[in-house]
Amino acid sequence: MSTGYPIDLHTHSIASDGALTPTELIVRAAARGVRIQALSDHDTLLGVVEAVAEGERRGVRVIPATELNTESEWGDVHVLAYFVDPKDDALEVRLRWLRENRGRRLELMVEKLNGLGYAVSIDRVREIAQGGALGRPHLAQALFEAGHVPTYDRAFETLISKDSPAYVSRVGLAPLEAVALVREHGGVPSLAHPGTVEGLERLLPQLVRAGLVGIECYYPSHTPAFTAECLRLSVRYELVATGGSDFHGRGEHGADLGGVFVPPESVASLETHQARR
Ligand SMILES: [Zn+2]
Ligand SMILES: [Zn+2]
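Here the structure is a predicted model, which means the values were calculated and not measured. Within each chain, residues carry numbers counting from 1 in the order of the written sequence. Chain letters and ligand numbers both follow the written order, the letters beginning at A and the numbers at 1. Side-chain atom pairs in this predicted model are given and counted only at pLDDT of 80 or more, local residue features only at pLDDT of at least 70, and totals for whole chains, interfaces and linings cover all residues. Processing note: side-chain calculations cover all non-hydrogen atoms of the structure and skip hydrogens and water entirely.

Some details on the pattern of salt bridges
- When a carboxyl oxygen of Asp or Glu is within 4 Å of a side-chain nitrogen of Lys or Arg, the pair counts as a salt bridge. Counted by the stated rule, this structure contains 15 salt bridges.
- Of the charged contacts, one joins Asp256 and Arg28 as a salt bridge, the two residues approaching to 2.6 Å between their closest N and O atoms. Of the two residues, Asp256 is situated in the loop between strand 7 (240-243) and helix 10 (264-276) and Arg28 in helix 1 (residues 22-31); the sequence distance between them amounts to 228 residues.
- The shortest N-O distance in the salt bridge between Glu54 and Arg57 comes to 2.8 Å. Pair noted here: Glu54 and Arg57 are both in helix 2 (residues 48-58), with a separation of 3 residues, about one helical turn.
- Taking relative accessible area as the criterion, Arg57 reaches 61% and is therefore assigned exposed.
- One connected set of salt bridges, linked through shared partners, spans Glu201, Glu229, Arg232 and Arg236. A helix here means a DSSP run of H or I that spans at least four residues, while a strand means a run of E at least two residues long, and both kinds are numbered starting from the N terminus. Burial here depends on accessible area, computed with a 1.4 Å probe over protein chains only, as a share of the maximum for the residue type. Under 20% is buried, over 50% is exposed, and the range in between is partly exposed.

Written out as structure tokens, the structure is:
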């Protein structure tokens, strides 16, 4: 297996919509030379304990994290929460509410698909998720294996992406609420893949006022020009420039574990903010 860069601050396991168990993920990370990795499953910390334990065996330092998806007119605003505590029961209550909303959203999408003549069941979608936080990738997989689409990606493109016939918007946190939630629970929030935000220049100062600490400058789909733009914003708003592969192991994202360069100062700066909280 080819090696990657040693730091990856954005990865997913089957605790949300990734394909690998936390253990498998860390085994793969170690084999690729990753030494510091954040497990950032959507709306859950349930994979963190297993990942930390495997990381201790393999020499990978695992940073507990989660990625909060939000609903607003600002496009896809995802907030990474670093150094949150998997034993924080009050946070778990909030995350469970978000996961339940995910379940209801997927049920509504399945109903729409059935109405459109695509036979697919929520039970099969839940089976594919193996108990993890439900997401559209699980539904795409179910559509693909039922033969409704020729590829997994086509399910997204033609049926379940925004503006597609079976799309249902989520009920959840607004972007500023997500940042505030992370801060309330002692976490360090960073704006994930800023390229999916609509109106970034206008939203970012609001997020900063709400307590945003970082911005994900290093990301597989970023062009060098957009990375430079994000770095410029990180300087202007005194944000930590973070980065990661967003590896899901389902082939829909561009990079493998450790697939993008992330400077060691990223981790050091996030830690400084954690200590300051
Ligand atoms: Zn995301
Ligand atoms: Zn992600």
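A few points about the environment of Leu143
- Take Leu143: it is sitting in helix 5 (residues 136-145).
- Every residue pair with non-hydrogen atoms within 4.5 Å of one another is taken to be in contact. In this structure Leu143 touches Leu113, Tyr118, Val120, His148, Val149, Ala155, Leu159 and Ile160, once residues within four positions along its chain are discounted.

Side note on the pairing of strand 1 (residues 7-11)
- Where burial is concerned, most of strand 1 is hidden: 5 out of the 5 residues are buried.
- In this scheme, strands are said to pair when DSSP sees at least two bridges between them. As judged from the 3 bridges shared by strand 1 and strand 2 (residues 36-42), these two strands associate in the parallel manner. When the sheet's bridge partners are listed, Asp8 is paired in strand 2 with Gln37.

Here we look at the side chain of His12
- Looking at where His12 falls in the secondary structure, it is placed in the loop between strand 1 and helix 1.
- You can call His12 buried: its relative accessible area is 0%.
- In protein, a polar contact means a hydrogen-donor-capable atom and an acceptor-capable atom, both N or O and within 3.5 Å, with residues adjacent in sequence counting only if both atoms are side-chain atoms; elsewhere, any N or O pair within 3.5 Å suffices. Reaching out from His12, the side chain makes a polar contact with the backbone oxygen of Ser40 at a distance of 3.3 Å.
- Within polar-contact distance, the side chain of His12 engages the side chain of Asp246 at 2.9 Å.
- Apart from the residues within four sequence positions on either side, His12 is in contact with Asp17, Gly18, Leu25, Leu39, Ser40, Asp41, His42, Glu67, Asp246, Phe247 and His248.

Examining the coordination of the zinc ion (ligand 2)
- For the zinc ion (ligand 2), the full set of protein donor atoms is His10 (NE2), His12 (NE2), Glu67 (OE) and Asp246 (OD), and the range of their distances to it is 2.0 to 2.2 Å.
- Note that water is not among the atoms used; donors are N, O and S atoms within 2.8 Å of the metal (3.2 Å for Na, K and Ca), so sites may look incomplete. Tetrahedral means four donors with every angle between 85 and 135 degrees, whereas square planar (four donors) and octahedral (six donors) require angles over 155 degrees between opposite donors and between 65 and 115 for all others; sites fitting neither are termed irregular. Here the zinc ion (ligand 2) is ringed by 4 donor atoms whose angles at the metal span 80 to 171°, and the overall shape comes out irregular.
- In this model, the zinc ion (ligand 2) sits 3.6 Å from the zinc ion (ligand 1), the two metals being bridged by Glu67. One end of the pair, His10, is in strand 1; the other, Asp246, is in the loop between strand 7 and helix 10, with 236 residues separating them in the sequence. No difference in accessibility class separates His10 from Asp246, as the two residues are buried.

Examining the coordination of the zinc ion (ligand 1)
- Protein-derived ligands of the zinc ion (ligand 1) are Glu67 (OE), His78 (ND1) and His193 (NE2), with the metal-ligand distances lying across 2.1 Å.
- What makes His78 buried here is its relative accessible area of 12%.

Quick word on the packing of helix 1 against helix 2
- The convention used is that axes are lines fitted to C-alpha atoms, helices contributing only their stretch in contact, and that angles between N-to-C directions extend from 0 to 180 degrees. Two numbers describe how helix 1 lies on helix 2: the axes approach to 8 Å, and their chain directions differ by 30°. Regarding the angle of helix 1 to helix 2, the classification is roughly parallel. Judged by the sense of rotation from one axis to the other, the crossing of helix 1 with helix 2 is right-handed. In this structure, helix 1 contributes Pro22, Thr23, Ile26, Val27 and Ala30 to the contact, and helix 2 contributes Glu50, Ala51, Glu54, Gly55 and Arg58.
- Residues are sorted three ways: Asp, Glu, Lys and Arg are charged, Ala, Val, Leu, Ile, Met, Phe, Trp, Tyr, Cys and Pro are nonpolar, and all the rest, Gly among them, are polar. Class assignment of the residues belonging to the contact of helix 1 with helix 2 gives a composition of 5 nonpolar, 2 polar and 3 charged. We call two directions roughly parallel when the angle between them is under 35 degrees, roughly antiparallel when it is over 145, roughly perpendicular when it lies between 65 and 115, and oblique otherwise. Crossing chirality is assigned from the near helix's rotation relative to the far helix, an anticlockwise turn below a right angle marking it left-handed and a clockwise turn marking it right-handed.

Remarks on the sheet that holds strand 6 (residues 214-218)
- As summarised here, the arrangement of the 7 strands in space is 1-2-3-4-5-6-7, forming an open sheet in which the pairing is mixed. Edge positions in the sheet fall to strand 1 and strand 7, since each has one partner strand and no second. Going from strand to strand, the sheet's axes swing by 30° on average, the running direction of each strand aside.
- Here strand 4 (residues 78-82) pairs with strand 5 (residues 188-191) via 4 bridges, running antiparallel.

What to know about the nonpolar core
- Grouped together as the largest cluster of nonpolar side chains are 59 residues, with contacts concentrated most on Leu9, Ile63, Leu68, Tyr82, Leu191, Leu204 and Leu270.
- In contact with Leu9, other than residues within four places in its own chain, are Ala38, Ser40, Ile63, Leu80, Tyr82, Thr242, Gly243, Gly244, Val262, Ser266, Val267 and Leu270.
- Buried Ala, Val, Leu, Ile, Met, Phe, Trp, Tyr and Cys residues form a nonpolar core when they are joined through side-chain atoms within 4.5 Å. Ranked by size, the runner-up nonpolar core spans 22 residues in total, among them Leu134, Ala140, Phe156 and Ile160.

Some details on the domain arrangement of the protein chain
- What marks off one domain from the next here is an automatic or database domain assignment. Segmentation of the protein chain into domains returns domain 1 (7-94 + 171-276) and domain 2 (103-160).
- Distance from the C-alpha centre of domain 1 to the C-alpha centre of domain 2: 25 Å.
- With 8 residues of domain 1 at the interface, the matching set in domain 2 holds 9 residues.
- For the domain 1 and domain 2 pair, buried surface summed over both sides reaches about 720 Å², with 51% attributable to carbon and sulfur atoms. Buried area counts how much accessible surface, traced with a 1.4 Å probe, disappears from two parts once they are put together, with both parts' losses summed.

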